[in-house]
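Descriptive structure summary
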Amino acid sequence: MTAYNAPLKDMQFVLNEVLQISKYSNLPGFSDASEDVVAAILEEGAKMASNVLHPINHSGDKEGCTRHADGSVTTPKGFKEAYEIYKQGGWQGLSFDPEFGGQGLPYILAVAVSEMVSASNMAFGMYPGLARGAADAIYHHGTDEQKQKYLPNMIAGEWGGTMNLTEPHCGTDLGLLKSKAVPNGDGTYKISGQKIFISAGEHDLTDNIIHLVLARIEGAPEGVKGISLFIVPKFIVNDDGSLGARNGVSCGSIEEKMGIHANSTCVLNYDEATGWLLGEENKGLKAMFTMMNEARLGVGLQGMAISEVAYQNGAAYAKDRLQGRALTGPEQPEKPADPIIVHPDVRRMLMDQRAFTEGARAWMYWSALHGDLHTKAEDEATRQKADDYMGLMTPILKSYLTDKGYAHATNAQQVLGGHGYIQEWGMEQFVRDARIAMIYEGANGIQALDLVGRKLMKDGGRAWQSYFAEVDEFIADNQGNEELKPFLDGLALAKGRTLEATQWMGANAMANFNNAGASSMDYLSLFALTCLSYAWAQSAKAALEKKDSGDDFYKNKLITGRYFVERIIPETSSHLEKVKTGAEAMMALPAEAF
């Protein structure tokens, strides 16, 4: 069986020493997030993750969800009790507006807690995660009446939420959707159609589920320009806030999946269900993207979290498993063999994970901080830059962190050898669970196309130009720090190669759009490595300030960072070379030859 212990020291290091969130105490929410308060919240979250959520991760995977004849769904044993603990702890409303019952703490703190939830039990975390996204969409696009009707119970964790996009014939290309909305004449609509792959679509954890459903109003334009978004509750909410009649939405089946068995991924059938328009008519994608972008960051977080928990269990096994002798001679001659942690290739797999995860955590929290600044900063320029950064980083974080999360889960499985392939050891579940993160909320290839096709040139390239300028400024400001020099040189190298790739894209993508498509994944990976390099340079700077403190944490942080610089930054070279090959070889083979 596996174990999970939240990396509290590293989380607090990023929050307090790298990002120094105390500098933002003048902003709403941050004034309440003192170092002591943050430590207390993270410690309580860690207890919940380790003692409540992780113990039911393996059993929940084995049992899965059960659909009953009446269409209701039961979650695995222990999930309802665990959710009650989560709800009573006020975790759902951690960073929501106090006006609707939230605690108003910074979003970055909610992200840190979400990391622990996802790492300990990814399937469980999707229930409150989807509800949070739905509540956020209502908060940003709903009427005052809708906010008052739905948000207090969603923020309290009493009600769940979902997002309904995909249909059997229609995934990424939402312009093809067939779900229809017929006006009732009283401000409501009859919603009919079928949605598939709906995470947390039906369950027994909450009294109500607020579905957000994309549909086309009769007579609306074809394609994405005619899509609207609707609030369709499982139970109609009466004017006094009580629950009324069951709505016309039902679970037709639960998808049989490779992983995340404990999350009810449903086929939902809408049969003239009553719905209320959310946002403007025919502007449904704009409102849904509020939820989708938050969900994409959450999925990127899942990739990092799976890498963390897989690393923890792989490292524990490597220190315990005796097999062979060190290449330089026995390290534990009193034992029949050395632990496999002595073998360089085992260390390669573990160090790849560790260097990635620690850098990714700093990068993810940095991005979450800009999510806070976008809504809370006092000046417009800071809010604008933060919004630019969030738009730029979302597809990169989602794609790269989930690609690597899956790869590192398989590496940890490899460390366990044959035991990694056996269910009772738990590692194969991490691999199965991690795989979906590369697919849902927009497949990773789509994220790469979004980056090169939309985000790079948005506002004349303002976002990436601002980011590169910030990187350059960091390098220039720290030039006299000789101990930091390897990190600065690595960052400059990665950024320079990414700039070269960006310029190549600008010169070649418009002449042949396939050049952009063919190079998009390598370009995204190259950009991600620059982001990780910046995160590591920032982390190294903070660690160097404490390197003589006698705390091995800082010494080990610098060793791990050096590994990143020497072993991972060189990957930027191959990504750049592949970007510059363009589409010719990729598109040359006739379709019939495949």
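About the thresholds
- Residues numbered from 1 in each chain as written.
- Predicted model: local features only at pLDDT ≥ 70, side-chain atom pairs only at ≥ 80, totals over all residues.
- Heavy atoms only, no water.
- Helix = DSSP H or I, 4+ residues; strand = E, 2+ residues; numbered from the N terminus.
- Rg over C-alpha atoms; globule rule 2.2 N^0.38 Å.
- Buried < 20%, exposed > 50% of the residue type's maximum accessible area, 1.4 Å probe, protein only.
- Contact = heavy atoms within 4.5 Å.
- Areas by Shrake-Rupley, 256 points an atom, 1.4 Å probe, with all protein chains shown as cover.
- Polar contact = N/O pair within 3.5 Å; in protein donor to acceptor, adjacent residues only side chain to side chain.
- Core = buried A, V, L, I, M, F, W, Y, C linked by side-chain atoms within 4.5 Å.
- Axes fitted to C-alpha atoms, helices over the stretch in contact; angles between N-to-C directions.
- Parallel < 35°, antiparallel > 145°, perpendicular 65-115°, else oblique.
- Left-handed = near helix turned anticlockwise from the far one by under 90°.
- Nonpolar A, V, L, I, M, F, W, Y, C, P; charged D, E, K, R; others polar.
- Salt bridge = Lys/Arg side-chain N within 4 Å of Asp/Glu carboxyl O.
- Patch = residues over 30% accessible without salt bridge, like charges linked within 9 Å, V, L, I, M, F, W, Y side chains within 5 Å.
- Expected span 1.5 Å × (residues − 1).
- Phe/Tyr/Trp six-rings, centres within 6.5 Å; stacked < 30°, edge-to-face > 60°.
- Lys NZ or Arg CZ within 6 Å of the ring centre and 35° of its normal.
- Disulfide = S-S within 2.5 Å.

This brings us to the overall build of the chain. Helix and strand content of the chain: 18 helices and 11 strands. Computed over C-alpha atoms, the radius of gyration of the chain comes to 24 Å, within 12% of the 25 Å expected from 2.2 N^0.38 for 594 residues, which places it in the range of a compact globule. Counting only C-alpha atoms, the chain reaches 80 × 60 × 60 Å along its principal axes. Here the chain holds 594 residues, and the buried ones make up 57% of them. Considering only intrachain contacts with a sequence separation of at least 6, the fraction spanning at least 24 residues in the chain is 74%. Summing over all exposed atoms, the chain offers an accessible surface of approximately 24200 Å²; the carbon and sulfur share of this is 51%.

Next up on the list: the side chain of Asn263. Considering the arrangement of structural elements, one finds Asn263 in the loop between strand E10 (249–254) and strand E11 (265–278). At 3.1 Å, the side chain of Asn263 forms a polar contact with the backbone nitrogen of Ala200. In this structure, Asn263 is in contact with Cys65, Ala123, Met126, Tyr127, Ser199, Ala200 and Lys257, ignoring residues within four places of it in sequence.

What follows concerns the nonpolar core. Within soluble globular proteins, side chains that are nonpolar tend to cluster in buried spots. Ranked by size, the top nonpolar core spans 189 residues in total, and within it Leu212, Trp363, Tyr365, Met393, Tyr467 and Phe527 carry the most contacts. Considering every element that reaches this core, the biggest residue donor is helix H8 (residues 284–320), with 18 residues. Apart from residues lying up to four places away in sequence, Leu212 is in contact with Ala134, Ala137, Ile138, Thr162, Met163, Asn164, Leu229, Phe230, Ile231, Leu278, Met288 and Met291.

Next up on the list: the packing of helix H14 (residues 485–508) against helix H15 (residues 513–544). Interhelical geometry of H14 versus H15 gives an angle of 155° and a closest axis separation of 9 Å. What the angle tells us is that H14 and H15 run roughly antiparallel. The handedness of the crossing between H14 and H15 is left-handed. The residue makeup of the contact of H14 with H15, split by class, is 15 nonpolar, 9 polar and 2 charged.

Moving on, we come to the pattern of salt bridges. Applying the stated criterion across every chain yields a total of 37 salt bridges. Taken together, the shared-partner salt bridges connect Asp10, Glu115, Glu308, Arg354, Glu358, Arg361 and Lys557 into one network.

Here the focus is a nonpolar patch on the surface. Taken together, Tyr421, Ile422 and Trp425 make up a surface patch of nonpolar side chains, about 340 Å² in accessible area. Note on Trp425: relative accessible area 33%, which makes it partly exposed.

With 33 residues, helix H9 (residues 344–376) extends 47 Å from end C-alpha to end C-alpha; this agrees with the ideal 48 Å at 1.5 Å per step. By the criterion of burial, H9 is predominantly enclosed, with 25 of the 33 residues buried.

It is worth spelling out the packing of aromatic side chains at this point. Under the counting rule described, the total for this entry stands at 24 aromatic pairs. Pairing Trp366 with Tyr467 gives two aromatic rings, centres 5.8 Å apart and planes at 70°, and the pair type is edge-to-face. Here Trp366, found in helix H9, pairs with Tyr467, found in helix H13 (residues 462–477); they are 101 residues apart in sequence, far enough to count as distant. Ring pairs connect the aromatic residues Trp366, Tyr389, Trp464, Tyr467, Phe468, Phe474, Tyr523, Phe527 and Tyr534, which therefore count as one cluster. Directly above the aromatic system of Trp276 lies the positively charged group of Lys149, at a separation of 5.9 Å from the ring centroid.

Next up on the list: the packing of H9 against H15. The N-to-C vectors of H9 and H15 enclose an angle of 90°; their axes lie 8 Å apart at closest approach. The orientation of H9 with respect to H15, classified from their angle, is roughly perpendicular. Packed against H9, whose contacting residues are Ala355, Phe356, Glu358, Gly359, Ala360, Ala362, Trp363 and Trp366, the element H15 presents Ala528, Cys531, Leu532, Tyr534, Ala535, Trp536, Gln538 and Ser539 at the interface. Looking at the contact of H9 with H15 residue by residue, the class counts come to 12 nonpolar, 3 polar and 1 charged.

Here the focus is unusual backbone geometry. The backbone phi angle of Gln20 is positive, close to 50°, even though this residue is not glycine. As for its placement among the helices and strands, Gln20 is situated in the loop between helix H1 (8–18) and helix H2 (35–53). The class of Gln20 is partly exposed, set by a relative accessible area of 34%. In this model, Phe197 sits at a positive phi of 60°, which is unusual for a non-glycine residue. Considering the arrangement of structural elements, one finds Phe197 in strand E5 (residues 188–199).

The next thing to look at is the state of the cysteines. This structure, assessed with the given rule, holds 0 disulfides. Among the cysteines around Cys65, which has no disulfide bond, Cys266 carries the closest sulfur, lying 7.7 Å off. A relative accessible area of 0% means that Cys266 is categorised as buried.

What follows concerns the side chain of Ser95. Structurally, Ser95 is set in the loop between helix H4 (79–88) and helix H5 (107–120). Take Ser95: its relative accessible area is 16%, and that puts it in the buried class. A polar contact of 3.0 Å, which involves the side chain of Ser95, links it to the side chain of Arg132. Other than its neighbours up to four places away in sequence, Ser95 contacts Gly104, Leu105, Pro106, Tyr107, Ala110 and Arg132.

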